[in-house]
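Here's the letter readout for the chains.
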Amino acid sequence: QVQLVESGGGLVQAGGSLRLSCAASGRTFSSYIMGWFRQAPGKEREFVAYITGIGGSTYYKDSVKGRFTIARDNAKNTVILQMNSLNPEDSAVYYCAAAGRTTTQPLVYDYWGQGTQVTVSS
């Protein structure tokens, strides 16, 4: 069982930056693929990025490549999403999630946080 708690969302102007954090409980954190997803009003939840447990390989949605960075600290059971050059299209509720294998499909992720709101003003 893994419990996830996100923090760091807020309101930022276009071109600005935010850093999201996800704190995980459990002693097997390093065994999980950790992902970030987002969901805007009226839209489906979409993949943003994931990072593997050991080795820290990463994968990003095309539209965030070069702007967002996912990283993890297995000793602290945390995963972060550094978001730079934000634009209004990035506005959404952001969720962190844990899965047993690498995937961009939300249905495969077993554990989810409650989400944190990111709003980018133009």
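Quick note: structure is the one above.
Residues numbered from 1 in each chain as written. Predicted model: local features only at pLDDT ≥ 70, side-chain atom pairs only at ≥ 80, totals over all residues. Heavy atoms only, no water.

Some details on the packing of aromatic side chains
Line of reasoning, step 1. Within this structure, the stated rule accounts for nine aromatic pairs.
Line of reasoning, step 2. Note on Phe-37 and Phe-47: the rings are 5.8 Å apart at their centroids and 75 degrees apart in plane angle, and the pair reads as edge-to-face. In this pair, Phe-37 sits in strand S4 (residues 33-39) while Phe-47 sits in strand S5 (residues 46-51), placing the two residues 10 residues apart along the sequence.
Line of reasoning, step 3. You can call Phe-37 buried: its relative accessible area is 0%. (Phe/Tyr/Trp six-rings, centres within 6.5 Å; stacked < 30°, edge-to-face > 60°. Helix = DSSP H or I, 4+ residues; strand = E, 2+ residues; numbered from the N terminus. Buried < 20%, exposed > 50% of the residue type's maximum accessible area, 1.4 Å probe, protein only.)

Focus on the nonpolar core
Line of reasoning, step 1. Core analysis: the biggest nonpolar cluster contains 30 residues, and Leu-4, Met-34, Trp-36, Leu-81, Met-83 and Tyr-94 have the highest contact counts within it.
Line of reasoning, step 2. Contributing elements (two or more residues each) for this core: strand S3 (18-24), S4, S5, strand S7 (68-73), strand S8 (78-83), strand S9 (92-99) and strand S11 (116-121).
Line of reasoning, step 3. Among all residues touching Leu-4, those that are not within four sequence positions of it are Cys-22, Ala-23, Ala-24, Met-34, Cys-96, Ala-97, Ala-98, Tyr-111, Trp-112, Gly-113 and Gln-114.
Line of reasoning, step 4. Counting seven residues, the second-largest nonpolar core is a separate cluster that includes Ile-33, Phe-47, Ala-97 and Ala-99. (Core = buried A, V, L, I, M, F, W, Y, C linked by side-chain atoms within 4.5 Å. Contact = heavy atoms within 4.5 Å.)

Side note on the sheet that holds S7
Line of reasoning, step 1. With antiparallel pairing, four strands are arranged side by side in an open sheet as S1-S3-S8-S7. Every other strand in the sheet has two partners, leaving strand S1 (4-7) and S7 as the edge strands with one partner each. Direction aside, the axes of adjacent strands within the sheet are offset by 15 degrees on average.
Line of reasoning, step 2. In terms of strand pairing, S7 meets S8 through six bridges, oriented antiparallel. In the sheet register, Ala-71 faces S8, and the bridge partner there is Ile-80. (Pairing = 2+ DSSP bridges. Axes fitted to C-alpha atoms, helices over the stretch in contact; angles between N-to-C directions.)

Looking at the environment of Thr-28
Line of reasoning, step 1. Checked against the element boundaries, Thr-28 lands in the loop between S3 and S4.
Line of reasoning, step 2. Judged by its relative accessible area of 43%, Thr-28 is partly exposed.
Line of reasoning, step 3. C-alpha of Thr-28 to C-alpha of Gln-1: the two residues are 27 residues apart in sequence and 8.9 Å apart in space.

Considering the side chain of Glu-6
Line of reasoning, step 1. Examined against the element boundaries, Glu-6 turns out to sit in strand S1.
Line of reasoning, step 2. Arg-45 provides the closest opposite charge to the buried, unpaired Glu-6, separated from it by 7.6 Å.
Line of reasoning, step 3. Among the polar contacts listed, one links the side chain of Glu-6 to the backbone nitrogen of Cys-96, at a separation of 2.8 Å.
Line of reasoning, step 4. Within the local environment of Glu-6, its side chain forms a polar contact with the backbone nitrogen of Gly-115, the two atoms lying 2.9 Å apart.
Line of reasoning, step 5. With residues up to four places along the chain from it excluded, the contact list for Glu-6 reads Ser-21, Cys-22, Trp-36, Tyr-94, Tyr-95, Cys-96, Gly-113, Gln-114, Gly-115 and Thr-116. (Lys, Arg positive; Asp, Glu negative; His and termini not counted. Salt bridge = Lys/Arg side-chain N within 4 Å of Asp/Glu carboxyl O. Polar contact = N/O pair within 3.5 Å; in protein donor to acceptor, adjacent residues only side chain to side chain.)

Let's talk about the state of the cysteines
Line of reasoning, step 1. With the rule as written, the count across this model stands at one disulfide.
Line of reasoning, step 2. One disulfide in the model links Cys-22 with Cys-96; its S-S distance is 2.0 Å. Between Cys-22 and Cys-96, the S-S dihedral sits near 45 degrees, and the bridge is therefore right-handed. With a gap of 74 residues between them, Cys-22 in strand S3 and Cys-96 in strand S9 connect regions that are remote in the sequence.
Line of reasoning, step 3. The class for Cys-22 is buried, based on a relative accessible area of 1%. (Disulfide = S-S within 2.5 Å.)

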